[in-house]
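Summary of the model geometry
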Amino acid sequence: AVTVQGELADELSSAELNECFAPLMGRLYTNHQATAALEALVRRLRAKGYSLAAIEQVHVENERLTITFSSGKAAMLTISLNKGRTLLTPIQRELKLDATKPLRLRAAEESVKNLYETGVFNRVSLFAEPITQPEAISPTTPNQTIHLSLEEKPASVLRLGLRYDETNNAQLLLDVRNENVGGTTNTMGGWVKAGRKGYLANMELNMPRIGATHLIFATRLFFDSYLFDYTNSDGTLAPYNIQKYGITSSFGTRLRKNGHFLTDVSYYNSQAFTDEAHRPLFSTTNNNVLTIGTHLTIDSRNNALMPTRGSYSYLTYAFTPLSLDDGLRYWQFSGTHQVNLPLGRETTLQFSVMTGVSSKALPLSEQYFLGGIGNSYSARFIGLQPHALAANNLATAGVQLSYEPSFPILFPTTLQLHYNAGRGWNAMENVRLDGALQGALQAVGASMVWKTPLGPTRFTLAKVLVNNDDNSLMLPHRDDDPVFYFSIGHDF
C-alpha cells in the first residue's frame, strides 16, 4: 500500500497514485523502480503548478510505503533592487504570491509579468533557494526562500519615433518623461507629434495605480491641430482644419487586467475653419466646451496590434452640463466591440462593430469620422480615404480573416482579407437599424503586414462595392478606383 502525507496530499487522486506506483505493487521493491515512481509523483504536482513541491521523507514499514511532501509554501520573500529607487508598495501590489498557500507557477509568472508591465524594470528574476540547516525544520515547515531580484531602468527617458503613411507622409514623435516619479511607477512628461497634416502636443501625469488600490488617475494639457481633406464632386480637394486645446482629467478604477472604468472632466477650445475659397462648404466654429464623460474598457486580447484571440470592448458617453458659448450643448455616445476567434494555429477570424450617436447640436469638430485603416481621428473603414465621411451618427461592421504563415516572406508576415459596411446619419430620427445595410457603403480589401525592425509595415488595397448617395451627409466624391494604403512604423 502507498500513503501520501502533507498539505499537498489532497491534490493527488487515487487514480494518479495508482498510475505512479503500479510498477511497485505486489512485486519486489527495488530502488530503481521506487525512484521512478517518486519522480513521476513529483511531476504530477509540478504539472499542477506546485513549483516548490518536494518529497521530504520516504518510509517503508510493514509493506506500506509512506511519502511525506513539503508544504509547497515559501518561508519568506526577499526583494532586492539594483538602484533602490522604486518603493515597496508599487512592487508588492503587483505580486500575486500568497504566503499562506502553496506557491503556484501561474501566480509566479503573473507576478513577473505584472512587474515588467509597470515599465520601470529591465529585468525581473524570481527564484527559490533552500533554507540552510534543514535538520532544524520539520517536514510541514516551509523550507524555501523566494528571492525577487529587480533591475531598474533609468527613470528619465527620451524617445524618438518615426512613421510614414500615404496620408500624413513622414511623422516625428519626441517624447520626454520620468517613468518612475518618486519611485511610485507614476509617469510625468510631455510629447510632441508633428507631420504634414498637423501636430499634437501633450503634457501629462499618469498614475496607473494609486498606492496599493486599483484606483487610477490621469491629467493632461493638450494642443491638437489636424488638417482634413474633403473631396469635391469634381475630384478637387477642399482642406479644412480642426484644432483643440485645453485640459482633461480622469479618475477611475482598473477592471481585470487591461480594463478601466473612468470618469473625466474636460475643458477645451474647439475650432473648425478653412480658407476663404472653401467656406461655403464648412461651418466655421470656435467654441469653449466643458464636458463630463465616462469610459468603460474591457480588453482580453493577446495583442493589441495583431490579436489572434480575445475580445475588446469600449463604451464612452460625454455631455456638456452647461452652455459656455452661443448656447452650444450636446451629448455623444459611442461603442466599439471586437472579437477574435482562432481558426487553428495560423488563422484568425475577427468580427468588429462600431456605433456612435449624438444630439443635433454637434459641431463639425466633434462629429464622427470614418475612413482608412483607423487612427485617433477616424474609425476604420477600408475602402475610403482616411476621415472621408463625417456624420453625427454612425454605424459600421467589419469582418477580417488573418493568416500568418509559419515561414517569413522576407519578414514575418500576416495576410488579411477585409470586408466592411457602414452608414452615417446627420439626424438621429433617421437612424433605422432595420434598414442600416440597405444602401450602406460596402467595401472589400486585402492586406499584407510585415513585422520589420522599423515597426509594422502595411500594404493594403481596397475597393468600394456599394456607394451610398445620401446627400444629407458630408460625403466625399467617390469613384470605382481602388484605394491603396501604405504605412511603416508604429502608430503614435
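On a predicted model such as this, the values are computed, not experimentally measured, just so you know.

About the cut-offs
Residues numbered from 1 in each chain as written. Predicted model: local features only at pLDDT ≥ 70, side-chain atom pairs only at ≥ 80, totals over all residues. Heavy atoms only, no water. Helix = DSSP H or I, 4+ residues; strand = E, 2+ residues; numbered from the N terminus. Rg over C-alpha atoms; globule rule 2.2 N^0.38 Å. Contact = heavy atoms within 4.5 Å. Areas by Shrake-Rupley, 256 points an atom, 1.4 Å probe, with all protein chains shown as cover. Lys, Arg positive; Asp, Glu negative; His and termini not counted. Charge placed at Lys NZ, Arg CZ, Asp CG, Glu CD. Buried < 20%, exposed > 50% of the residue type's maximum accessible area, 1.4 Å probe, protein only. Pairing = 2+ DSSP bridges. Axes fitted to C-alpha atoms, helices over the stretch in contact; angles between N-to-C directions. Expected span 1.5 Å × (residues − 1). Phe/Tyr/Trp six-rings, centres within 6.5 Å; stacked < 30°, edge-to-face > 60°. Lys NZ or Arg CZ within 6 Å of the ring centre and 35° of its normal.

**Things to note about the overall build of the protein**
Within the protein, the secondary structure is distributed over four helices and 24 strands. Its C-alpha radius of gyration of 30 Å places the protein more than 25% over the 23 Å reference for a compact globule of 492 residues. Oriented by its inertia axes, the alpha-carbon framework of the protein measures out at about 100 × 50 × 45 Å. Partitioning the contacts of the protein with sequence separation of at least 6, the portion at a separation of at least 24 is 56%. Of the roughly 25900 Å² of accessible surface on the protein, a fraction of 57% belongs to carbon and sulfur atoms. Computed over 42 positive and 43 negative side-chain charges, the separation of the two mean positions in the protein equals 2 Å.

**Side note on unusual backbone geometry**
The phi torsion at N169 lies on the positive side, around 55°, for a residue other than glycine. Position of N169 among the secondary structure elements: in strand β8 (residues 169-178). For N169, a relative accessible area of 26% translates into the label partly exposed. The backbone of L410 sits at a positive phi, close to 70°, despite the residue not being glycine. Following the sequence through the fold, L410 ends up in the loop between β20 (393-403) and β21 (413-425).

**Brief notes about the sheet that holds strand β4 (residues 76-81)**
The three strands lie next to each other as β4-β6-β5, forming an open sheet whose pairing is mixed. Looking at the sheet topology across the chains shown, the edges are occupied by β4 and β5 (121-130). Neighbour-to-neighbour, the strand axes of this sheet turn through a mean angle of 15°, independent of strand direction. With nine bridges joining them, β5 and strand β6 (residues 144-152) adopt antiparallel strand pairing.

**A short note on the pairing of strand β22 (residues 441-452)**
In terms of strand pairing, β21 meets β22 through ten bridges, oriented antiparallel. Looking at β22, one finds that T413 is bridged to W450. By the bridge criterion, eleven bridges tie β22 to strand β23 (residues 455-466) in an arrangement that is antiparallel. When the sheet's bridge partners are listed, G445 is paired in β23 with A462. As consecutive antiparallel partners, β22 and β23 are separated by two residues.

**Details of helix α2 (residues 31-47)**
Helix length check: α2 (17 residues) gives 24 Å between terminal C-alpha atoms against 24 Å at 1.5 Å per residue, within 8%. All of the buried residues along α2 are A34, A37, L38, A40, L41, V42 and L45. Buried-residue contacts for α2 involve β1 (2-5), α1 (14-21), β2 (55-61) and β3 (64-69). Two residues or fewer past α2, G49 is found with a positive phi of approximately 95°.

**Here's the deal with the sheet that holds β2**
Strand order in the open sheet formed by three strands is β1-β3-β2, and the pairing between neighbours is mixed. Lying at the two open borders of the sheet, with one neighbouring strand each, are β1 and β2. Neighbouring strand axes in the sheet, compared pairwise and without regard to direction, differ in orientation by 15° on average. As defined by bridge partners, β1 adjoins β3 across four bridges and the pair is classed as parallel. Within β3, the residue paired with V4 across the bridge is I67. Along the sheet face, α2 touches β1, β2 and β3 and points at about 40° away from the line of β3.

**Side note on the packing of aromatic side chains**
One pass over the full model with this rule turns up 13 aromatic pairs. Between F228 and Y377, the ring centres sit 6.1 Å apart and the planes meet at 85°, which makes this aromatic pair edge-to-face. A residue pair is termed long-range when its members are at least 10 positions apart, and F228 in strand β11 (residues 215-231) and Y377 in the loop between β18 (368-370) and β19 (389-391) qualify at 149 residues. On the basis of relative accessible area, F228 is assigned to the buried category, the value being 2%. On the numbers, 5.5 Å between centres and 55° between planes, the contact of F411 with W450 is tilted. Here F411, found in the loop between β20 and β21, pairs with W450, found in strand β22; they are 39 residues apart in sequence, far enough to count as distant. Residue W450 is classed as buried on the basis of its relative accessible area, which comes to 15%. Here R104 stacks its cationic end above the ring of Y50, 4.3 Å away from the centre of that ring.

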